[in-house]
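# Structural overview
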Protein chains: 2
Amino acid sequence: MKIQHQAGLGAYKASGFIGDYCRLVRGTVIPYQYEVLCDRAGTEKSHVIANFENAARALRGEDTADGFYGMVFQDSDAAKWLEAAACSLANERDPELEARADELIALIASAQDEDGYLNTRFTVSDREKRWTNLLEGHELYCAGHLMEAAAAYFEATGKRTLLDVCLRNAEHIYKRFVTDGAEGYPGHPEIELALMRLYRAGGDERCLELARHFIDVRGVDPEYFRRERESRDWTVWGSDGRDSCYQQSDRPVRELKDATGHAVRAVYLYTAMADLAAELEDKELEAACRRLWESITRRRLYVTGGIGSTVHGEAFSVDFDLPSDTAYAETCASLGLMFFASRMLELDPDSRYADVMEQAFYNTVLSGMSLDGKSFFYVNPLESVPGISGKAPTHRHTLTVRPGWYACACCPPNAARTVMSFGRYAYGESSDTAYCHLYAAGEVKLSNGMEFTCETAYPFGSEIRYRVAKGGRFAVRLPHWSKKTALTLDGRAVSPEIRSGYAYLDVPGGSELTLTLDCGPRYVYASPEVPELTGKVCICAGPLVFCFEDRDNPFGALRLILDTGSKPEPCTAEGLEGIPALEVRGYALRGGDTLYSDEPPAYEPVTAKAVPYYARANRGETGMSVWRGYVRN
Amino acid sequence: MKIQHQAGLGAYKASGFIGDYCRLVRGTVIPYQYEVLCDRAGTEKSHVIANFENAARALRGEDTADGFYGMVFQDSDAAKWLEAAACSLANERDPELEARADELIALIASAQDEDGYLNTRFTVSDREKRWTNLLEGHELYCAGHLMEAAAAYFEATGKRTLLDVCLRNAEHIYKRFVTDGAEGYPGHPEIELALMRLYRAGGDERCLELARHFIDVRGVDPEYFRRERESRDWTVWGSDGRDSCYQQSDRPVRELKDATGHAVRAVYLYTAMADLAAELEDKELEAACRRLWESITRRRLYVTGGIGSTVHGEAFSVDFDLPSDTAYAETCASLGLMFFASRMLELDPDSRYADVMEQAFYNTVLSGMSLDGKSFFYVNPLESVPGISGKAPTHRHTLTVRPGWYACACCPPNAARTVMSFGRYAYGESSDTAYCHLYAAGEVKLSNGMEFTCETAYPFGSEIRYRVAKGGRFAVRLPHWSKKTALTLDGRAVSPEIRSGYAYLDVPGGSELTLTLDCGPRYVYASPEVPELTGKVCICAGPLVFCFEDRDNPFGALRLILDTGSKPEPCTAEGLEGIPALEVRGYALRGGDTLYSDEPPAYEPVTAKAVPYYARANRGETGMSVWRGYVRN
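Residues numbered from 1 in each chain as written. Chains lettered and ligands numbered in written order. Predicted model: local features only at pLDDT ≥ 70, side-chain atom pairs only at ≥ 80, totals over all residues. Heavy atoms only, no water.

## Describing empty space enclosed by the protein
All names here are of chain B. Definition in use: Buriedness for pockets is judged along seven lines, at least five of which must meet protein on both sides within 12 Å for an open set on the 1 Å grid over protein atoms alone, while cavities are sets there where a 1.4 Å probe fits but cannot get out, and lining residues have an atom within 4 Å of a point. Grid points are joined across faces, edges and corners, and a volume is the space filled by probe spheres set on the points. Classes in brief: Ala, Val, Leu, Ile, Met, Phe, Trp, Tyr, Cys and Pro nonpolar; Asp, Glu, Lys and Arg charged; the others, Gly included, polar.
Summed over the entire model, instances satisfying the criterion amount to 15 cavities of 30 Å³ or more. In this model, the largest cavity occupies a volume close to 240 Å³. For the lining of the largest cavity, the class distribution of residues is nine nonpolar, six polar and four charged. Estimates place the volume of the second largest cavity at around 80 Å³. Lining the second largest cavity are Glu83, Glu148, Leu193, Arg197, Phe339, Arg343, Arg417, Thr418, Ser421, Arg424 and Tyr425. Grouping the amino acids of the lining of the second largest cavity by side-chain chemistry returns three nonpolar, two polar and six charged.

Set out below in structure tokens:
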């Protein structure tokens with residue numbers, strides 16, 4: 001099979017819907033997050049920059065001032081910011097941003113020990129504790145994020161400083177775990193996928209070998225983390241390493257059958273597995289990835305593309321346990337699902353991977369960020385109940401208003417870097433083909449020489465027009481949900497080869513390829529295997545899942561029963577101008593004074609209004625619900 | 001207002017449905033639980049008898065052998081067993097049982113310190129820790145249960161040994177907390193209601209005064225338990241006392257508005273409050289009780305009479321948070337709700353108290369015990385999902401099969417003593433009136449001189465016949481759910497005075513009073529305020545809530561949609577012969593291969609079978625559901 005790759009960072013210059021989000025990230029999120037790193041945003045203390053400064057002081061033998069502060073993985077906030085900045089610079093020159101990034105990179109370089117070690121938590125102090133807590137210490141995790149940033153920054157600017165820092169760091173890690181044969185592997189996968197990027201950017205075969213080592217050794221000794229815990233007299237959070245499913249160390253990764261444990265850890269690991277499987281043509285690893293993909297998408301996935309349904313360990317639960325109101329569905333987990341999907345697409349261009357990638361992005365990922373880019377959700381439940389969500393003991397994690405920042409600030413910068421590198425997920429290429437996985441307006445210049453412009457109002461419009469400047473073979477995804485899909489070349493219908501949900505056809509330069517989808521609203525039902533959702537329905541349109549908010553439905557979103565005999569019609573929602581909303585007929589349950597009654601509640605006919613799930617919770621605190629009971633009249 | 005009291009222990013000799021349960025408790029549960037106390041049942045180690053033996057040894061200055069073992073409240077298992085035995089003896093002579101009880105009482109007496117202190121945990125060792133951990137130590141809780149046993153045993157046998165032990169113990173506690181003014185009050189309410197019983201049995205005014213003291217002082221200083229924790233260097237479970245709602249110490253009890261915290265603690269406290277309010281005609285306390293009753297029954301009560309919906313702290317959640325599948329709904333909490341209801345009835349004979357008392361008993365309480373009396377549930381969810389219940393992280397507590405015994409064995413003996421004293425809840429009396437709160441077949445002899453026999457197949461039949469030997473005024477409850485209720489005296493219709501859901505009429509000796517209820521099946525709907533239950537329905541008949549089990553519904557109870565246009569018809573369920581079952585029309589959702597689909601699942605017409613909730617989980621592991629979606633054809 002011919003492998004196709006993600007488009008390069010500079011290959012896609014966004015406009016349209018994605019362009020608006022990039023502008024938001026570039027204009028608001030990146031500057032704001034930098035202020036946070038510098039402790040100037042007035043939010044919860046970050047201390048990220050100060051940690052690097054203090055680590056550099058420690059290396060110079062100076063006093064470490066106010067020491068280290070924050071989570072053990074605090075360094076990764078700097079890395080994710082740098083990666084977002086790199087992606088931004090790849091598409092739009094910004095000397096001020098570049099200078100700021102260069103300055104941070106110089107600071108990071110000054111915090112690297114002469115043996116290549118780089119982590120402020122164990123450099124500012126506790127140097128003797130290096131590498132003694134792989135379970136919780138996040139040294140390999142932080143190293144991984146920096147490697148991703150380094151690869152991106154090199155790709156965006158051609159500057160090698162951070163790349164060289166990370167290659168030296170990788171060499172240090174390689175020496176420890178491969179050359180010297182030290183036991184262990186990451187408690188939080190990330191470095192494996194990052195090493196693959198560093199390998200491609202820096203060309204050092206040891207990066208590939210180290211990634212493969214961490215994949216191969218993982219779970220072979222399920223007792224490793226327990227023994228590690230017992231061999232040291234300190235912990236970060238008291239983890240004893242015995243819940244090996246949590247950190248995916250319960251068995252060799254090639255034997256994994258179900259997606260289990262901490263959801264972000266899981267999908268980061270699967271991403272690296274898929275990447276390695278493609279790189280090494282490792283069929284056994286590929287088969288494991290396919291099993292895990294099936295486990296997630298057939299049994300453990302929310303309709304919003306959310307994964308990890310339980311707050312306990314921010315983890316996958318058992319099959320079909322997909323509660324709406326207590327869902328965890330972390331923003332970062334859906335980002336990780338996008339990463340996993342994009343690597344599966346490289347192995348095998350099949351629309352079901354891209355469909356899920358898109359489902360995760362347009363719903364859970366975007367739900368993580370407010371429309372003004374200034375506040376963020378970790379947790380993305382499918383139902384918010386005033387008085388219960390955020391308040392009941394089982395619902396404490398389901399906040400109803402996005403906070404400005406978090407002490408554990410993984411999701412906001414993770415979303416920012418992914419929005420800014422959307423082209424990598426939207427477009428792929430092989431030597432002779434342009435893959436259009438997602439429909440993203442903008443200009444595309446691939447390294448195989450093909451060039452085209454994509455014009456579309458998607459996801460608010462259903463026509464996608466590719467004006468091709470330098471032609472070649474196109475592989476255009478046909479999403480499963482579009483019931484009427486038409487493809488024309490210069491206005492004439494074409495009958496392309498269809499394979500695994502992709503239309504393959506040659507498009508010469510100067511031509512215009514037009515894809516017309518059916519993005520009309522549709523009712524979506526869950527399998528009766530999901531007990532939470534029997535007798536319920538939700539509304540989708542194109543890739544968007546819709547929800548009902550009290551704000552638009554004064555009778556109460558949680559009292560609504562839909563009439564699926566009614567066709568949802570476009571409308572607008574107050575305060576969400578420019579975002580499509582849908583009107584639909586249904587019934588509001590009345591009454592409620594008696595807790596239990598022999599009388600069925602009265603059904604009052606109502607017109608209800610649904611808004612896209614990603615736009616939820618942007619107009620103050622409100623009840624919200626995706627899935628509703630239904631009747632069919 | 002004239003106060004009416006619970007019937008005495010010996011006033012009711014059960015036959016019929018309750019008689020069968022009494023036989024089960026007398027023949028199986030009491031002997032079995034005694035074997036458990038002696039560590040001869042082959043279940044989890046109990047060590048209760050051994051603890052008392054070792055405490056006695058410690059007091060004699062002897063070696064304490066194998067020391068203390070078990071929960072800090074282990075002593076209370078002996079007390080609850082003794083109380084159940086006492087109730088049994090009150091109705092049926094059993095010299096062997098009485099001898100065994102006397103022997104245990106002698107042992108308990110030998111474990112009492114000369115100052116009156118009595119608790120094996122702090123007598124076997126750690127004597128210096130006495131009274132230093134009211135938050136977790138359960139010394140007052142264990143003392144309370146022994147007082148209840150003492151009152152019952154004295155009432156049943158006239159023997160004073162245990163009564164005198166407990167009076168001495170009460171004197172010791174009185175001295176400490178009243179005379180000497182020591183700070184503090186029980187971390188787990190129980191002694192307050194027990195002191196009221198001891199006061200009535202033993203006549204010592206100090207018992208009443210001590211009960212009132214503990215009620216009055218509670219929550220006046222919400223910081224008490226936090227300070228207590230900080231003043232000692234040991235804990236039992238690490239409780240820091242800061243969650244004052246958990247143990248109802250957040251405010252003076254007269255100011256309580258919502259039922260909060262650990263549900264068993266809460267209703268035990270409210271029981272004592274109601275008891276004291278009646279005894280002292282304390283209107284402020286009575287008003288608080290009424291508010292708490294409303295909080296529970298209007299906003300925080302399962303249709304099965306379960307309370308305390310969350311596993312977090314086995315506690316009340318917020319209003320209308322009543323999940324079916326993750327419900328905690330502890331058996332003991334519903335027992336406590338019965339106690340609270342029975343005290344409210346003494347204040348004010350209103351059928352709504354008796355209705356809830358009955359709802360709790362016939363559903364959650366009986367669900368706690370298997371039909372053979374040999375295994376027990378703590379937790380009584382309204383839905384069991386194969387593969388999720390007992391397995392998902394949020395569902396670990398919702399076991400699908402009753403274990404034989406528990407390390408924390410509160411529920412089984414608590415249910416046993418309540419079944420054996422059913423007459424106290426079923427019947428009440430004032431100087432001239434017999435109150436018939438619940439319909440319980442058997443012979444009734446009240447201390448006011450009235451005597452009658454109740455004949456009924458209730459809850460399996462709807463006719464209740466009182467054959468009156470020695471007549472007087474009757475107050476017969478008319479349950480809210482009976483749509484057609486008829487009362488005849490010697491075959492002639494009567495028009496009694498109806499007040500607060502009770503029919504009041506004079507019945508001369510030699511007459512027969514017959515109450516005919518409508519116990520036919522009915523559909524019950526929840527308030528739309530309960531988000532979990534919008535669009536759902538359940539089936540009840542008389543006081544019984546029904547559920548669907550996979551065992552009777554091979555298409556899957558969790559795939560069932562009911563047709564509420566269909567009238568449930570009597571039938572039998574395999575393996576539950578003698579217990580009424582109901583057949584009803586509905587639809588089974590088919591399919592399920594695709595997690596999400598644009599096609600609604602097919603509805604296949606089915607006949608579904610429902611069995612009483614209390615009889616659930618008696619035929620192996622199975623899916624189960626009380627609330628189902630519905631259509632009306």
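Read on, since the account is not over.
## Comments concerning the interface of chain A and chain B
Applicable threshold: Two residues qualify as a contact provided that any one of their heavy atoms is within 4.5 Å of a heavy atom in the partner residue. Note: buried area is the sum, over both parts, of the accessible area (probe 1.4 Å) each one loses when the two are combined. The rule for a salt bridge is simple: a side-chain nitrogen of Lys or Arg has to be within 4 Å of a carboxyl oxygen of Asp or Glu. Whenever a nitrogen or oxygen atom comes within 3.5 Å of another N or O atom, the pair is scored as a polar contact, on the condition that within protein one atom can donate a hydrogen and the other can accept it, and that pairs from neighbouring residues in sequence are kept only if both atoms are in side chains. Helix and strand labels come from DSSP, where a helix needs a run of H or I of at least four residues and a strand needs a run of E of at least two; each type is numbered from the N terminus. Only when DSSP finds a minimum of two bridges between them are two strands counted as paired.
Between chain A and chain B, the contact holds 59 residues from the first and 59 residues from the second. Summed over both partners, the interface of chain A with chain B comes to about 4,300 Å²; 60% of that surface belongs to carbon and sulfur atoms. Interface area lost by chain A to chain B is led by Leu595, Tyr596 and Asp598 of chain A, which between them contribute 18%. Counting across the chain A and chain B interface gives six salt bridges. Here Arg522 of chain B ties to Asp598 of chain A by a salt bridge, and the two come within 3.5 Å at their closest N and O atoms. Counting across the interface, chain A meets chain B through 16 residue pairs in polar contact (both at pLDDT 80 or more). When residues of the side of chain A that touches chain B are traced back to their parent elements, those giving at least two are helix H12 (283-299), strand E15 (521-526), strand E21 (596-597) and strand E24 (628-631) of chain A. With five residues, the top contributor of residues to the side of chain A that touches chain B is E15 of chain A. When its residues are assigned to classes, the side of chain A that touches chain B shows 29 nonpolar, 14 polar and 16 charged. Pairing geometry for E15 of chain A and strand E21 (residues 596-597) of chain B, over two bridges, is antiparallel.

## Points about the relation of the copies chain A and chain B
Let me state the cut-off plainly: The copies were overlaid by least squares, fitting only the C-alpha atoms of residues that reach a pLDDT of 70 or more in each copy.
Rotating chain A by 180° and moving it 0.0 Å along the rotation axis overlays it on chain B with an RMSD of 0.0 Å. Taken together, these values place the two copies in the relation of a two-fold axis. Comparing contact sets, 100% of the residues at the interface of chain A also lie at the interface in chain B, consistent with an isologous, same-surface contact.

## Describing helix H14 (residues 351-367) of chain B
Residue and element names in this part refer to chain B. Applicable threshold: In a helix, the anticipated span is given by 1.5 Å times the number of residues less one. Bending is quantified residue by residue as the angle between axes fitted to the seven-residue window ending at that residue and the seven-residue window starting at it. Burial classes: relative accessible area under 20% of the type maximum marks a residue as buried, over 50% as exposed, and values in between as partly exposed (1.4 Å probe, protein chains only).
Taking 1.5 Å as the rise per residue, H14 with 17 residues should run 24 Å; its terminal C-alpha atoms sit 23 Å apart, in good agreement. The sharpest bend along H14 reaches about 35° and sits at Phe361. In terms of burial, H14 is largely enclosed, as 16 of its 17 residues are buried.

## Thoughts on the confidence of the model for chain A
Heads up, the rule is: A score between 0 and 100, pLDDT records how confident the predictor is in each residue.
Considering every residue of chain A, the mean pLDDT works out to 95; 99% of them sit at 70 or more. Across the assembled chains, the prediction reports ipTM 0.94 with pTM 0.94.

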